[in-house]
Amino acid sequence: MRSLHAVLVEHASPRLLDLLAAALDGSGPAILPLDGSLPRARLDELITAFAPDTVEDTEGVTRARSGRRTGVGESTAVIIGTSGSTGAPKGVELSADALLHSARASLARVDARPGQRWLCCLPATHIAGIQVLVRSLVSGTEPVLATRADAETVAGSGCAHVSLVPVQLRRLLADQGRPGDISTPLAGFASVLLGGAAAPQSLLDEARAAGVPVVTTYGMTETCGGCVYDGWPLDGVKVRAGADPGETDPSDPSSGRIWIRGPVLFSRYRGDVTGTEVVRDGWFRTGDLGRVDASGRLTVRGRADDVINTGGRKVVPGEVAAALETCPGVRDVVVVGQPDAEWGERVVAVVVPADRADPPALELLRLHVRQRLPRYASPSRVVIVDAVPMLPSGKHDIARLKLELLRREQTEAENVT
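One numbering rule holds for all chains: residues counted from 1, following each sequence as written. Residue-level local features of this predicted model are given only where pLDDT is at least 70; pairs of side-chain atoms are given and counted only at 80 or more, and the full residue set underlies all totals for whole chains, interfaces and linings. Water and hydrogen atoms were dropped before computing side-chain values, which therefore reflect all heavy atoms in the structure.

Colleague: Explain the sheet that holds strand E22 (residues 330-340) to me, and be specific about the residues and the numbers.
Modeller: We call two strands paired when DSSP finds no fewer than two bridges between them. Per the convention used, a helix needs a DSSP run of H or I reaching at least four residues, while a strand needs a run of E reaching at least two, with both numbered from the N terminus. Pairing is mixed in the open sheet, where three strands are placed in the order E22-E23-E24. With one partner strand each, in any of the chains shown, E22 and strand E24 (381-384) form the two edges of the open sheet. Taken pair by pair, the neighbouring strands of this sheet meet at an average axis angle of 25 degrees, ignoring direction. Here strand E23 (residues 344-353) runs beside E24; their pairing, made up of four bridges, is parallel. When the bridges of E24 are listed, Val 348 appears paired with Arg 381. Here, residues are in contact when the closest pair of their heavy atoms is within 4.5 Å. As a rule, the C-alpha atoms of each element are fitted with a line to give its axis, helices using only the stretch in contact, and angles between N-to-C directions run from 0 to 180 degrees. Packing of helix H8 (residues 317-324) onto the sheet brings it into contact with E22 and E23, and relative to E22 it is tilted by some 145 degrees.

Colleague: Requested: an account of the packing of aromatic side chains, with residues and values cited.
Modeller: The relation between two aromatic rings is expressed through the spacing of the ring centres and the mutual angle of the planes. A pair of aromatic rings is counted whenever rings of Phe, Tyr or Trp (Trp by its six-membered ring) have centres within 6.5 Å, and the orientation is called stacked for planes under 30 degrees apart, edge-to-face for over 60 and tilted otherwise. Following the criterion strictly, the structure yields two aromatic pairs and no others. Centroid distance Phe 266 to Tyr 269: 4.7 Å. Interplanar angle 45 degrees. Geometry classified as tilted. In this pair, the class of Phe 266 matches that of Tyr 269, namely buried. Both rings, one in Phe 266 and one in Phe 284, keep their centres 5.7 Å apart while their planes meet at 80 degrees; by these two values the pair is edge-to-face. Taken together, the positions of Phe 266 in the loop between strand E15 (255-261) and strand E16 (268-271) and Phe 284 in strand E18 (residues 283-292) put the pair 18 residues apart, joining distant regions of the chain. As far as burial versus exposure is concerned, Phe 266 and Phe 284 are alike and both buried. Among the aromatic residues, those joined into a ring-pair cluster are Phe 266, Tyr 269 and Phe 284. Sitting over a ring, as applied to charges here, requires NZ of Lys or CZ of Arg to be within 6 Å of the ring centre and within 35 degrees of the ring normal. Over the ring of Trp 259 we find Arg 240; its NZ or CZ atom is 4.9 Å from the centre of that ring. The residue whose ring lies beneath Arg 240 is Trp 283, and the NZ or CZ to ring-centre distance is 4.5 Å. For every residue, the accessible area (1.4 Å probe, protein chains only) is compared with the maximum for its type, and the residue is labelled buried under 20%, exposed over 50%, or partly exposed between those bounds.

Colleague: Mind laying out the environment of Leu 298, listing which residues take part and the relevant values?
Modeller: Relative to the helices and strands, Leu 298 is located in strand E19 (residues 298-303). A residue is classified by how much of its surface remains accessible, and Leu 298, at 6% relative accessible area, is buried. Each C-alpha atom of the pair Leu 298 and Ile 258 lies 9.0 Å from the other, and the pair is 40 residues apart in sequence. When residues no more than four places from it in sequence are discounted, the contact partners of Leu 298 are Tyr 218, Val 228, Gly 231, Val 239, Ile 258, Gly 290, Arg 291 and Val 292.

Colleague: Can you explain the environment of Leu 107? Please cite residues and give values.
Modeller: Locating Leu 107 in the fold gives a position in helix H3 (residues 96-109). Given the relative accessible area of 11%, Leu 107 is considered buried. Excluding residues that lie within four positions of it along the chain, Leu 107 makes contacts with Ala 112, Trp 118, Arg 135, Val 138 and Ser 139.

Colleague: For the sheet that holds strand E11 (residues 214-220), give the residues involved together with the corresponding values.
Modeller: Either a parallel or an antiparallel arrangement is found when strands of a sheet pair, and the pairing is made through backbone hydrogen bonds. Within the open sheet, the seven strands sit side by side as E8-E7-E9-E10-E11-E12-E13. Their pairing is mixed. At either end of the open sheet lies a strand with only one pairing partner, and these are strand E8 (144-145) and strand E13 (232-233). Relative to E8, strand E7 (residues 118-120) runs parallel, the two sharing two bridges. Paired with Cys 120 across the bridge in E8 is Leu 145. Where helix H4 (residues 127-139) meets the sheet, its contacts fall on E7, E8, strand E9 (161-164), strand E10 (191-194) and strand E12 (225-229), and the angle it forms with E7 comes to roughly 150 degrees.

Colleague: For the packing of helix H1 (residues 14-25) against H4, give the residues involved together with the corresponding values.
Modeller: Orientation of H1 relative to H4, taken along the N-to-C sense of each, is 70 degrees, at an axis distance of 10 Å. In terms of orientation, H1 and H4 fall into the roughly perpendicular class. Both H1 and H4 take part in a crossing whose hand is right-handed. Counting all contacts with H1, which are made through Leu 16, Leu 17, Leu 20, Ala 21 and Leu 24, the residues of H4 involved are Ile 130, Leu 133, Val 134 and Leu 137. Nonpolar residues are Ala, Val, Leu, Ile, Met, Phe, Trp, Tyr, Cys and Pro. Charged residues are Asp, Glu, Lys and Arg, and all others, Gly as well, are polar. In terms of residue class, the contact of H1 with H4 is built from nine nonpolar, no polar and no charged. Put simply, angles under 35 degrees are roughly parallel, angles over 145 are roughly antiparallel, angles from 65 to 115 are roughly perpendicular, and the rest are oblique. Each crossing gets its hand from how the near helix is turned against the far one by less than a right angle, where anticlockwise is left-handed and clockwise is right-handed.

Colleague: Describe the pattern of salt bridges, listing the residues and the values that go with them.
Modeller: Within this document, salt bridges are pairs made up of a side-chain nitrogen of Lys or Arg and a carboxyl oxygen of Asp or Glu, the two lying within 4 Å of each other. Across all of its chains, the model carries 17 salt bridges by this definition. Here Asp 44 makes a salt bridge to Arg 40, at a shortest N to O gap of 3.0 Å. Of the two residues, Asp 44 and Arg 40 are both situated in helix H2 (residues 40-50); the distance of four residues between them amounts to about one turn of the helix. Given the relative accessible area of 36%, Asp 44 is considered partly exposed. The salt bridge partner of Arg 42 is Glu 45, with a shortest N-O separation of 2.7 Å.

Colleague: Describe in detail helix H6 (residues 166-174), supporting the description with residues and values.
Modeller: Taken together, the buried positions of H6 are occupied by Pro 166, Gln 168, Leu 169, Arg 170, Leu 172 and Leu 173. Check the buried side of H6 and you find it contacts helix H5 (151-155), E9, E10, helix H7 (201-209), E11 and E22.

Colleague: Just give me the short version of unusual backbone geometry, but keep the residues and values in it.
Modeller: It is generally the case that most residues other than glycine have a negative phi and that most peptide bonds are trans. For Asp 111, which is not a glycine, the phi torsion comes out positive at approximately 55 degrees. Structurally, Asp 111 can be placed in the loop between H3 and E7. Unlike most non-glycine residues, Asp 230 shows phi in positive territory, near 50 degrees. Examined against the element boundaries, Asp 230 turns out to sit in the loop between E12 and E13.

Colleague: Describe the side chain of Ser 157, and please don't skip the residues or the numbers.
Modeller: The topology assignment puts Ser 157 in the loop between H5 and E9. Its relative accessible area of 10% is what places Ser 157 among the buried residues.

Colleague: Tell me what's going on with the side chain of Ser 102, and back it up with residues and numbers.
Modeller: Position of Ser 102 among the secondary structure elements: in helix H3. A polar side-chain atom of Ser 102 sits 2.8 Å from a polar atom in the side chain of Gln 131. Contact partners of Ser 102, with chain neighbours within four places excluded, come to Gln 131, Cys 224, Gly 226, Leu 234 and Val 264. Polar contact is the term for a pair of N or O atoms within 3.5 Å; when the atoms are in protein, one must be able to donate a hydrogen and the other to accept it, and sequence-neighboring residues count only if both atoms are side-chain atoms.

Here it is, written out as structure tokens:
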């Protein structure tokens with residue numbers, strides 16, 4: 001067994017890079033990056049669940065843990081913490097071979113040249129941040145480690161490649177064309193990998209019109225991060241959809257649950273293993289729905305768990321949101337299901353308007369959806385908000401949003417009463 005070293009980090013650092021290099025080449029222990037800014041109680045919960053042999057604090061001081069300690073498999077290099085189905089801590093064990101294959105395939109796909117550097121401005125406790133560091137190690141270049149992705153930092157980094165989440169790209173595009181020295185923060189980049197959450201088509205169009213070389217990525221911690229670029233699997237990766245009975249749309253046999261296979265897959269889970277039988281015959285069962293066309297290109301439709309059942313009809317919120325993103329007056333949008341006494345669930349559009357003084361009307365949104373999707377997929381309610389809550393990963397915080405909507409409804413009911 002190999003020892004496991006937890007390291008508390010607040011952002012990527014040279015020390016973490018050294019630990020990662022040693023974990024990958026086998027000269028050091030496997031590492032478990034944890035967010036050092038978390039409350040002490042949460043950190044203690046994670047450390048207890050993952051049971052590392054040693055813990056290094058943000059000051060670089062290492063102590064051996066007392067109590068239960070269980071090593072990891074010899075092939076494991078990194079463990080990334082995530083949440084289990086019960087909300088309890090769960091770690092994803094990633095081997096050096098899987099991380100290195102992912103990095104090499106990514107470098108080849110974006111045609112990274114010798115000497116080109118990567119900008120790391122994503123959390124080092126997430127797989128996207130770790131993979132920026134792995135790509136740098138593989139390419140033999142020193143990454144630029146940034147604590148934020150503001151215009152000045154990005155423009156002055158001197159890097160050729162960067163990984164971003166949609167909210168970061170949106171903010172950087174807002175700085176495009178402003179007067180001053182920093183007018184085009186992403187000018188000169190050879191590739192801008194965009195992942196972590198589905199990117200609105202309007203954002204992609206805006207970026208590409210500005211000359212930003214955006215590459216959309218799809219993947220998760222269990223696949224060492226992005227393993228499908230612009231719909232096409234990386235070398236060695238295979239994807240399919242709709243293999244499970246009852247999960248395929250009869251009207252579209254190529255559509256259904258997304259499955260992934262290849263050398264980028266994780267080894268096992270650590271911690272909460274409830275409901276984690278997700279690998280069958282070498283295929284990883286994702287939590288997403290998608291469609292693979294005849295050429296092998298993947299289109300991600302949305303999360304399987306988010307599907308709305310309205311009057312016996314199934315609606316994929318991601319598809320409705322994608323349609324609404326192209327509607328005039330919509331800056332950002334999330335689609336969720338809410339309980340309904342008559343229909344079971346109703347389709348609700350939560351919209352951030354481009355102009356708060358002139359938000360899009362419900363009928364306009366419904367018409368826009370009906371032109372692209374079945375009539376039953378159109379929203380029956382619209383909620384106008386100033387912003388949608390976000391997770392640190394850059395994804396919409398759907399759980400928090402639903403809670404806020406519930407509180408709003410309760411307040412409205414109380415006011416009526």
